[in-house]
Amino acid sequence: MSHTRVKGRPELYTAYAQDMAFLNTRPKQVGVLLIVIFAALLPMMVADDLLKVLGTGLVLAIGAIGLNLLTGFAGQVSLGHAFFVAVGAYTASWMAGDPDGRTMGLGITFAPAWILGAGVMAAIAGAIVAPLAVRLRGLYLAVVTLGLVIIGGFIFTEWASLSGGAQQGREAPVPVILGADLTVSGAYTKEQKLFWFFLVVLVIFAMLARNIGRSKIGRAFSAVRDRDIAAGVMGVELTKYKLIAFVLSSFYAGVCGSLLFVANGYFGPERFSGGFGLLLSVQFIAMILIGGVATVSGSIMGALLIALLPRISSELPSFLPFITTAANKHPNVFEVETAMYGVLIIAFLLFEPRGLFGIWHRIRVYWKSFPFSY
Amino acid sequence: MTELLSALSMGLGQGAIYTLLALGFVIIYKSMGVISFAQPALMMSGAILVSYLSPKLGFWAAVILGGLLIAVVALIVERLAIRPMVGKAVFVIAIITIGVDIVVRVVAGAFVGTDPRVVGDPWGIERWTIGGVHIEHRHAAAFIAAAVMVALVAAFFRFTPIGLAMRAAALDQEAAMAQGVSVGVVFAVSWAMAGFLAAIAGVFAAAGNPLDQNLWIIGLAALPVIILGGLDSLLGAVVGGLTIGVVEALVRNYHTDIFPGIATNTGPLAPYVVMLLVLLVRPYGLFGTKEVERV
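Residues numbered from 1 in each chain as written. Chains lettered and ligands numbered in written order. Predicted model: local features only at pLDDT ≥ 70, side-chain atom pairs only at ≥ 80, totals over all residues.

(A) View of the overall build of chain B. When helices and strands are tallied, chain B shows 13 helices and two strands. Here chain B has a C-alpha radius of gyration of 19 Å; the compact-globule value for 295 residues is 19 Å, and the two agree. Projected onto its principal axes, the C-alpha coordinates of chain B cover approximately 60 × 50 × 35 Å. Expressed as a percentage of contacts within chain B between residues at least 6 apart in sequence, the contacts between residues at least 24 apart total 75%. (Helix = DSSP H or I, 4+ residues; strand = E, 2+ residues; numbered from the N terminus. Rg over C-alpha atoms; globule rule 2.2 N^0.38 Å. Contact = placed C-beta atoms within 7 Å.)

See the structure below:
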């Protein structure tokens, strides 16, 4: 590794490895460090209820990164992400659940164990579906994965010993690390501890995804996305890499699912069946489109924005008095919230197809070339 | 045997609704190469609109007017949200239609209200009984309506200049433009037709029951239909629609015999399972054109 930095020219690369480094410029290194420090200090500055929302955003970001690996990097549109999230959620609660409780459980409370277990089980589900999915292209794939959500939602609702059944649900896993239960408030509140916990998991999986993106696998994904037949001709094994994309994405979805309900402590199969399951899938699509396709940082930004939407729309009535908070009057905040997913998807695709990342990119380029705007 | 025939008649009625919806999907797909996920929402809003119009205008006038109004809604959607994206990746346009679906569904859903609404159809749940075989009026009506609409759509493509232009644009968009076909008009007409068909399907899907948001779930089942029939085949839409309708009705009817352990009826799952099974064997559906790709 003989890459010499030239003094005064920080962006002159003399080796490919420099160009492809994990964080290839000094501002990125400093910037990411500052953001992580800021995020770590956030629980000290923000009220617990907002912290809970942001924590959910961090968990959703893990799932969004997973979908971005499949849809953004490898170009395979999936509307079935909610199914794999559900597999993860139920695997985690099964592993961590009380063996003598109303629903199935193994009693493995050690958090990393059930997080990985959920990821692996979702990945296996992904590997089972993948052989069918790799045969299909484009919109056929989108509809088939949508079917997966419908079928999966039915199975989870019916499998009452696992899911607790309709209108009842079951308890979510309780994260215990080194004997400390993170959901019990002590010196720090439950929300603070969970936020830190989610942040650590997200940082680990975001780094992993970034590394996948700049590896051989990541390059193969891009080739498959840009023109799969051309990629095949060049010697990229299409079946293999589509399979890898599916399995990786499902693994991330499983991890996301295992943590998604930890803060609430309880969840029902309704979250994954019928309209709600599809809405969850669409929310993940919205996250990566709003955040930025094929970027890890974009996935995180998009997930945080989507997670904050309910909060934003609940604040709306004080600014726009014609919106009510009563569920039986129209337009109410719940309708506004749902409609905003749609409006945001349409608006970003029409006006800023590269998403929040694209906006940030434009600002960056503007200041980099300041005062020359071209 | 009579039970089987009753289930069949129900399945054909349901299948006719799927056929109407699937026709709209296929017409849009043929003109722009995109699946419009907004169809289920347009279908639901069609039924809701008709439920408001029919007490004032009578059922039949309300159906026609409602269908035309939904066609106008589809036109507006196409002009505002879809047309600017022409030439972009099809998946991006498809995702936009998902966004449109959400917005339309929320707006339409706000008009459902808390009181039960009906579309005011003359059939209700009355039925003929011929030798023990039950045939519900609404299913027969849906079947006849679908047959009429299929014939009209086929005649439209066969005999009108714009129909010819649409077939040309579906075959090769650039060549059609070079021959003077206005592709913009083709897009607009296909969306309007799809909107009209969706609204009609919505009325028949809602006939005999009070309206609710679940209508949208029925509309969703048209997706497996078009995948089964093949995305670009009108014949596929008809065959696929009737097949899915019949299979669903049979599974619904014989559910307790086939799966005695499962409490919830497995009928609504049948379309998706059939779709998966068929795709294992034929990735482009029964009648879909196999894509030939050049690098």
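Read on for the rest.
(B) Fine view of the pairing of strand E2 (residues 133–136) of chain B. Residues and elements named next belong to chain B. Pairing of strand E1 (residues 127–130) with E2, which is carried by four bridges, proceeds in the antiparallel orientation. Opposite Trp128, over in E2, you have Ile135 as the bridge partner. Where E1 folds back onto E2 in an antiparallel hairpin, the turn is made up of two residues, including Gly131, whose phi is positive at roughly 55°. (Pairing = 2+ DSSP bridges.)

(C) Region of the structure containing the interface of chain A and chain B. Opposite the 39 residues of chain A that make contact, chain B presents 35 residues. Those elements giving two or more residues to the side of chain A that touches chain B turn out to be helix H6 (138–158), helix H10 (228–233), helix H12 (274–291) and helix H14 (333–351) of chain A. The element contributing the most residues to the side of chain A that touches chain B is H6 of chain A, with 13 residues. A breakdown of the residues in the side of chain A that touches chain B according to their chemical character gives 26 nonpolar, nine polar and four charged. (Nonpolar A, V, L, I, M, F, W, Y, C, P; charged D, E, K, R; others polar.)

(D) Spotlight on the nonpolar core. Residue and element names in this part refer to chain B. Counting 219 residues, the largest nonpolar core has Leu21 and Ala47 as the members making the most contacts within it. Top contributing element to this core by residue count: helix H8 (residues 183–206), with 17 residues. Once residues lying within four places of it in the same chain are set aside, the contact partners of Leu21 are Gln39, Met43, Leu197, Ala198, Ala201, Gly219 and Ala222. (Core = buried A, V, L, I, M, F, W, Y, C linked by C-beta atoms within 7 Å. Buried ≥ 20, exposed ≤ 12 C-beta atoms within 10 Å, placed from the backbone.)

(E) Broad picture of the environment of Arg167 of chain B. Residues and elements named next belong to chain B. Its location among the elements puts Arg167 in helix H6 (residues 161–171). Looking at Arg167, the number of C-beta atoms within 10 Å reads 16, which means it is partly exposed. Distance from Arg167 to Ser31, taken between C-alpha atoms, is 8.1 Å for residues 136 residues apart in sequence.

(F) Molecular detail of unusual backbone geometry. Residues and elements named next belong to chain A. Here Phe370 and Pro371 are connected by a cis peptide whose omega angle stands at 0°. By the element assignment, Pro371 lies in the segment after helix H15 (355–368). The phi dihedral of Gln167 falls on the positive side, at around 60°, and the residue is not glycine. Residue placement: Gln167 occurs in the loop between helix H7 (160–163) and strand E1 (170–171). Under the C-beta neighbour-count criterion, Gln167 is labelled exposed, with 9 such atoms within 10 Å. Not every positive phi belongs to a glycine, and Ala294 is a case in point at roughly 60°. Checked against the element boundaries, Ala294 lands in the loop between H12 and helix H13 (296–315). For Ala294, a count of 21 C-beta atoms within 10 Å corresponds to the buried category.

(G) Highlighting helix H2 (residues 39–57) of chain B. Residue and element names in this part refer to chain B. Here H2 is 19 residues long and its end C-alpha atoms lie 25 Å apart, about the 27 Å a rise of 1.5 Å per residue gives. Maximal helix bending in H2 amounts to about 30°, located at Ser51; proline Pro55 follows within four positions. Across the 19 residues of H2, 15 count as buried, placing the element largely inside the fold. One or two residues past the end of H2 sits Gly58, with phi positive at roughly 90°. (Expected span 1.5 Å × (residues − 1). Bend = angle between axes of the 7 residues up to and from the residue.)

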